[in-house]
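An overview of the molecular structure
Chain by chain, the residues:
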Amino acid sequence: MSDEDLIARLEEQEERLVFGRFDNADAWHLGSLLVDVATGRDLPVAIDIRRGPQQLFHAALPGSTADNDHWIVRKVRVVERFAASSYLVGRRLAAKGDALDAKFGVDPRDFAAHGGAFPVRVEGVGVVGVVTVSGLPQADDHALVVEAIESYLAD
């Protein structure tokens, strides 16, 4: 898939995957769904859901490490700053031959434009939180989050 096609697909996901509301119970149910999917596939991931600065859900599945938690924090900062998924931000930069630190003057120890953090966007409000997975290759981290959000919103 070309960079242009991938970016268009990622943008479409963000336009489509919008919540009507998002509270603590939603975070718990979405996080539990992610744990069930990841456990069923024996995926070594950490899962994190935040609304604003508050962490509402966190799970570290077998095979994940504290390093995954560090990646989560770095990916979340990208979503918070750019109001777009960490994967989309990274792919947009890569398509132009840019790097996050050079283009925006951020420290790569604090920001990671790698897949896995997806904005929680509420209709009529905007981005209120972030759902993040860390532990797989970036495209797979992103795909797992998108799959879970799609399933959650379909219910």
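The structure reproduced in this document is the subject of the present report. Owing to the predicted nature of the structure, the values given are computational and were not obtained by experimental measurement. (Residues numbered from 1 in each chain as written. Predicted model: local features only at pLDDT ≥ 70, side-chain atom pairs only at ≥ 80, totals over all residues. Heavy atoms only, no water.)

Attention shifts here to unusual backbone geometry. Phi at Asp42 is positive, roughly 55°, even though this residue is not glycine. Within the secondary structure, Asp42 is located in the loop between α2 (24–40) and β1 (46–51). Accessibility expressed as a relative area gives 66% for Asp42, which makes it exposed. (Helix = DSSP H or I, 4+ residues; strand = E, 2+ residues; numbered from the N terminus. Buried < 20%, exposed > 50% of the residue type's maximum accessible area, 1.4 Å probe, protein only.)

On to the packing of α2 against helix α6 (residues 138–154). Where α2 meets α6, the axes come as close as 10 Å, and the angle between the chain directions of the two elements is 125°. The orientation of α2 relative to α6 falls into the category oblique. Considering the relative orientation of α2 and α6, their crossing is right-handed. Counting all contacts with α2, which are made through Asp26, His29, Leu30, Leu33, Leu34 and Val37, the residues of α6 involved are Leu144, Val145, Glu147, Ala148, Ile149, Ser151 and Tyr152. In terms of residue class, the contact of α2 with α6 is made up of nine nonpolar, two polar and two charged. (Axes fitted to C-alpha atoms, helices over the stretch in contact; angles between N-to-C directions. Parallel < 35°, antiparallel > 145°, perpendicular 65-115°, else oblique. Left-handed = near helix turned anticlockwise from the far one by under 90°. Contact = heavy atoms within 4.5 Å. Nonpolar A, V, L, I, M, F, W, Y, C, P; charged D, E, K, R; others polar.)

On the secondary structure map, Phe104 appears in helix α5 (residues 100–104). Beyond its immediate stretch of four places on either side in the chain, Phe104 contacts Arg81, Phe82 and Leu93.

Let us look at the side chain of Ser64. Locating Ser64 in the fold gives a position in the loop between β2 (54–60) and α3 (66–82). One polar contact links the side chain of Ser64 to the main-chain carbonyl oxygen of Leu61, over a distance of 2.7 Å. Each residue touching Ser64, except ones within four places of it in the same chain, is listed here: Pro44, Val45 and Ala46. (Polar contact = N/O pair within 3.5 Å; in protein donor to acceptor, adjacent residues only side chain to side chain.)

With respect to topology, four strands assemble into an open sheet ordered β2-β1-β4-β3, the strand pairing being antiparallel. Each edge of the sheet is formed by a strand with only one pairing partner; in this case those strands are β2 and β3 (117–122). On average, adjacent strands in this sheet sit at an angle of 15° to one another, irrespective of strand direction. Bridge analysis of β1 against β2 gives six bridges, and the strand direction is antiparallel. Looking across to β2, one finds that Arg50 is bridged to Gln55. Where α6 meets the sheet, it contacts β3 and β4 (126–134), and its direction lies at approximately 125° from that of β4. (Pairing = 2+ DSSP bridges.)

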